[in-house]
Amino acid sequence: MSIICGTDLSPGSLHAVAVARALAAQRGDADIILVHVVEDERKATASNAALETFAASLSPGAPSVRAELVVGAAEQALVSFAETEGSDLIVISASSSPHKLLRLGSTAEKLIVHSRVPVLVVRDPQPWLEFAAGKRPLRLLLGIDDSVACDLGIQWTHALRQRGPVEVVLGAIYYPDDAADHYGFEAKALTDSDLDLEKLITRDLLRKFGASENVEARALRGLGRIGDHVCELAKDARADAIIVGTTQKTGMGRLGSVSSVIISDASQSVICVPPNASVQTMFVPRLHSALVATDLSTFSNRAVPFAFALTDEGGDVHIAHVVEDDAEINEAEVLKALTALAPQSMQRSVHPHILRGGDAARTIAQAAARLGVDAICIASHGRSGITRALVGSVADKLLRATRKPVLVLRPA
């Protein structure tokens, strides 16, 4: 793996070179690759001479700088070169005017849209240089959502923490109506912060990241664009840099991209992690708790042992039964029956629940979110054809309604 530093040969790009060399030295790389791209092949000779002059002006020492001239459309040529070299990071400098550098359609913006490796846009190099030298912790705001790129950003952050002290602020923007529906609460005023929701959101942020040392979580109620709120969180957290996943939208979709807003407006450096990046897995999630739903039929009850099999010893298993809102049942007897389904001699805490709701899948998904479980277990009766169309499948609906991993037990 190597670090590529893109340069336009301007004095401003020296910041990117310094950060790239510092990070390479920190992880023991022998060199970095300094890449200058020209679109007109007729200018290659003159550009190559300018690149060599630029490289020669850099201070000597390790890691060394290998200069490469690439011909082609800037963003595509740099992305292709990074793949050829097996690079795992591209470093570029932001100009003094971020709007000028990262306006829609600029080379840097196109690079972030097309890159298949993480891209670091350097604004203030000092925090990175001091972090790489072991002089101070790096303070990062990690934007958290449910995207694949966010999961990769988490792994990238864990890898960085292996190389030096990193303070992490986990940030999430929530909209009260959506968040209330997710957790199964009654929505309150859309313009007010909801402390109950924020408590659950910060709990889930910490669990998703999977570490507690030098990590804090913050939830911020959203009113406008998510990107603007992430920049606000970063400022309040005094972050040195923001890590954000990129959706890599194209066309007009890029205008509303969260990452586009952040890289354009943030005053900090920004690390953009694409959804198809090859990022080493540094943290493996633990399944400490699970929710298993049963209608108390013989087949449905078979899902219960799987919830115990999924969870760690000493974990929590929630056994739930869904009934209609107005159903008249003997709750004490149902809770007793649910508790009796727990396998013997299993070192788990068992929590029976009666869930009321007209939509079983949605009710289960909301309970799982509210309880903060790590996974859901359910049995599917395997209906198909006209029966499935008329009756519906709770398991199928649940897969669409929840953000949790779901283990579905199929009939034999």
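Residues numbered from 1 in each chain as written. Predicted model: local features only at pLDDT ≥ 70, side-chain atom pairs only at ≥ 80, totals over all residues. Heavy atoms only, no water.

A. Summary view of the pattern of salt bridges. Here the structure, examined in full by the defined rule, presents 22 salt bridges. Put simply, D31 and R66 hold a salt bridge, and the shortest N to O gap is 3.9 Å. Taken as a pair, D31 in strand β2 (residues 31-38) and R66 in strand β3 (residues 64-71) lie far apart in primary sequence, 35 residues in all. Given a relative accessible area of 23%, D31 falls into the partly exposed group. Salt-bridge contacts for E68 lead to R66; the nearest nitrogen and oxygen are separated by 2.8 Å. Residue E68 is classed as partly exposed on the basis of its relative accessible area, which comes to 24%. By relative accessible area, which is 29% here, R66 ends up partly exposed. (Salt bridge = Lys/Arg side-chain N within 4 Å of Asp/Glu carboxyl O. Helix = DSSP H or I, 4+ residues; strand = E, 2+ residues; numbered from the N terminus. Buried < 20%, exposed > 50% of the residue type's maximum accessible area, 1.4 Å probe, protein only.)

B. Here's a closer look at the nonpolar core. Judged by nonpolar contacts, the single largest core of 52 residues is most densely connected at L120, W128 and L170. The greatest single-element share of this core, amounting to six residues, is contributed by helix α1 (residues 14-26). Those residues in contact with W128, other than ones at most four positions away along the chain, are V19, L23, L120, L138, L160, A241, S269 and I271. (Core = buried A, V, L, I, M, F, W, Y, C linked by side-chain atoms within 4.5 Å. Contact = heavy atoms within 4.5 Å.)

C. Examining the sheet that holds strand β9 (residues 241-245) more closely. The strand order across the open sheet built from 10 strands is β3-β2-β1-β4-β5-β10-β9-β6-β7-β8, with neighbouring strands paired in mixed fashion. Two strands in the sheet have a free side with no partner beyond their single neighbour: β3 and β8 (215-221). Taking the axes of each pair of neighbouring strands and ignoring which way they run, one obtains an average angle of 25° across the sheet. Pairing of strand β1 (residues 2-6) with strand β4 (residues 87-93) involves four bridges; the strand directions are parallel. Among the inter-strand pairings, I4 is bridged to a residue of β4, identified as I90. Docked against the sheet, helix α7 (residues 148-161) engages β4, β6 (138-143), β7 (166-174), β8, β9 and β10 (269-273), running at close to 165° with respect to β6. (Pairing = 2+ DSSP bridges. Axes fitted to C-alpha atoms, helices over the stretch in contact; angles between N-to-C directions.)

D. Up close: the sheet that holds strand β13 (residues 349-356). The strand order across the open sheet formed by five strands is β13-β12-β11-β14-β15, and the pairing between neighbours is parallel. Edge positions in the open sheet fall to β13 and β15 (406-409), since each of these has one partner strand only. Strand-to-strand twist in this sheet, taken as the mean axis angle between neighbours without regard to direction, amounts to 20°. Across four bridges, strand β11 (residues 289-293) lies against strand β14 (residues 375-379) in parallel orientation. Paired with A290 across the strands is A375, a residue of β14.

E. Quick peek at the pairing of β14. Most of β14 sits out of view: five of its five residues are buried. Residues of β14 alternate between two faces, with A375, C377 and A379 on one and I376 and I378 on the opposite face, all of them buried. For β14 and β15, the ladder comprises four bridges, and the chain directions are parallel. Within the sheet, the bridge partner assigned to I376 lies in β15 and is V406.

F. Focus on unusual backbone geometry. Looking along the chain, the bond that leaves A62 and enters P63 is cis, with omega of -5°. By the element assignment, P63 lies in the loop between α2 (44-56) and β3. One non-glycine residue, N214, lies in positive phi territory at about 55°. Despite not being glycine, L296 shows a phi value in the positive range, around 70°. Checked against the element boundaries, L296 lands in the loop between β11 and α12 (298-301).

G. Here's a closer look at α1. Over its 13 residues, α1 extends 18 Å from the first C-alpha to the last, a length consistent with the 18 Å expected when each residue adds 1.5 Å. Looking only at α1, the buried set comprises A16, V17, V19, A20, R21, A22, L23, A24 and Q26. Trailing α1 by a residue or two, G28 shows a phi angle of about 85°, which is positive. (Expected span 1.5 Å × (residues − 1).)

H. Spotlight on the pairing of strand β5 (residues 119-122). Covered by surrounding structure in β5 are V119 and V121 together with L120 and V122, the residues of both alternating faces. Here β4 pairs with β5 via four bridges, running parallel. Bridge pairing in β5 links I92 to V121. Judged from the three bridges that link them, β5 and β10 form a sheet pairing that is antiparallel. Its bridge partner being in β10, L120 is matched across the sheet by I271.

Interpretation note: all reported values are geometric properties and have no functional meaning in isolation.
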